[in-house]
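# A closer look at the structure
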Amino acid sequence: MYYVEKKMASLSSDDNVDDIRTWAQYIVDYFVQLLHDEAKNGLQTTTLEKKKWGEIDNALFAKFGKKYSIPKLKAKFNRLRIEHREFARLVSDTGMGWDPVANTVTASDDAWKRYLKKYPGAKPSVKRG
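Definitions and limits used
Within any chain, residue numbers begin from 1 and follow the written order of that chain's sequence. Local features are withheld for residues below a pLDDT of 70 in this predicted model, meaning they are given only at 70 or higher, and side-chain atom pairs are given and counted only at 80 or more; totals for whole chains, interfaces and linings count all residues. By convention in this description, side-chain values take in all heavy atoms of the structure and omit both hydrogens and water. Residues are called lining when one of their atoms sits within 4 Å of a cavity or pocket point, these points coming from a 1 Å grid over the protein atoms alone, where a cavity is a set in which a 1.4 Å probe fits but cannot get out and a pocket is an open set with protein on both sides within 12 Å along at least five of seven lines. Grid points are joined across faces, edges and corners, and a volume is the space filled by probe spheres set on the points. To qualify as a helix, a DSSP run of H or I must reach at least 4 residues; to qualify as a strand, a run of E must reach at least 2; elements of each kind are numbered from the N terminus. Each residue gets one of three labels, nonpolar for Ala, Val, Leu, Ile, Met, Phe, Trp, Tyr, Cys and Pro, charged for Asp, Glu, Lys and Arg, and polar for the others, Gly among them. One speaks of a salt bridge when a side-chain nitrogen belonging to Lys or Arg is within 4 Å of a carboxyl oxygen belonging to Asp or Glu. Three labels apply to residues, based on accessible area from a 1.4 Å probe with only protein chains included: buried if under 20% of the type maximum, exposed if over 50%, partly exposed otherwise in between. Helix axes use the C-alpha atoms of the stretch in contact, all axes being lines fitted to C-alpha atoms, and the angles between their N-to-C directions lie in the range 0 to 180 degrees. Angular relationships are summarised with four words: roughly parallel below 35 degrees, roughly antiparallel beyond 145, roughly perpendicular across 65 to 115, and oblique for the angles in between. What makes two residues a contact is simply this: any of their non-hydrogen atoms within 4.5 Å.

Moving on: the layout of surface pockets. Size it by volume and the second largest pocket reaches roughly 210 Å³. Looking at the second largest pocket, it is lined by 11 residues, and the ones nearest its centre are Val32, Leu35, His36, Ala39 and Phe77. Mapped onto the lining of the second largest pocket, the elements with two or more residues apiece are helix 2 (25–40) and helix 4 (70–92). If one sorts the elements of the lining of the second largest pocket by residue count, helix 2 sits on top with five residues. Taken together, the residues of the lining of the second largest pocket break down into seven nonpolar, two polar and two charged.

Written out as structure tokens, the structure is:
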């Protein structure tokens, strides 16, 4: 059985390097929580108003001492949205599973081959488990 890390190939390598360099996981987690809180407050569109983006930037600065521009926040939001959609598509495919303890997608060799045939552009990291 293969274990697949939750990394998607549709993001360019430059975006991934930028994310690793400037977005520590604990900052991403807090950013997602802030976005989730906004969604719970009745977000009616697919994005936020400029004022809300500014409030999120201020909250990140208050907590971590790091300022992001509104375009950078929006770009991160869009990359996370793409990653989430691809991840959801992956784990919903027949033969794919999720191991919450190892935090990995699991799939038999056949299921993985079927998925890659169906979505040839998908190239997540695969490692033998």
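All right, on to the pattern of salt bridges then. Inspection of every chain in the model, using the stated rule, returns five salt bridges. Measuring nitrogen to oxygen at the nearest pair gives 3.9 Å for the salt bridge that ties Glu38 to Lys52. Separated by 14 residues along the polypeptide, Glu38 in helix 2 and Lys52 in helix 3 (residues 50–64) bring together distant segments of the chain. Residue classification places Glu38 among the buried positions, given a relative accessible area of 15%. On the accessibility criterion, Lys52 (30% relative accessible area) is partly exposed. Note that Asp57 is salt-bridged to Lys67, the shortest N-O span being 3.6 Å. Taken as a pair, Asp57 in helix 3 and Lys67 in the loop between helix 3 and helix 4 lie far apart in primary sequence, 10 residues in all. A relative accessible area of 7% places Asp57 in the buried class. On the accessibility criterion, Lys67 (46% relative accessible area) is partly exposed. One network of salt bridges, with partners in common, ties together Glu38, Lys52 and Glu55.

So, about the packing of helix 2 against helix 4. When two helices pack together, you describe them by how their axes are tilted relative to each other and by the distance separating the axes. In the contact formed by helix 2 and helix 4, the axes pass within 12 Å of each other and the chain directions differ by 90 degrees. Here helix 4 runs roughly perpendicular to helix 2, going by the angle between their axes. Across the interface between the two elements, Val28, Phe31, Val32 and Leu35 from helix 2 touch Leu73, Lys76, Phe77 and Leu80 from helix 4. Partitioned by chemical class, the residues of the contact of helix 2 with helix 4 number seven nonpolar, no polar and one charged.

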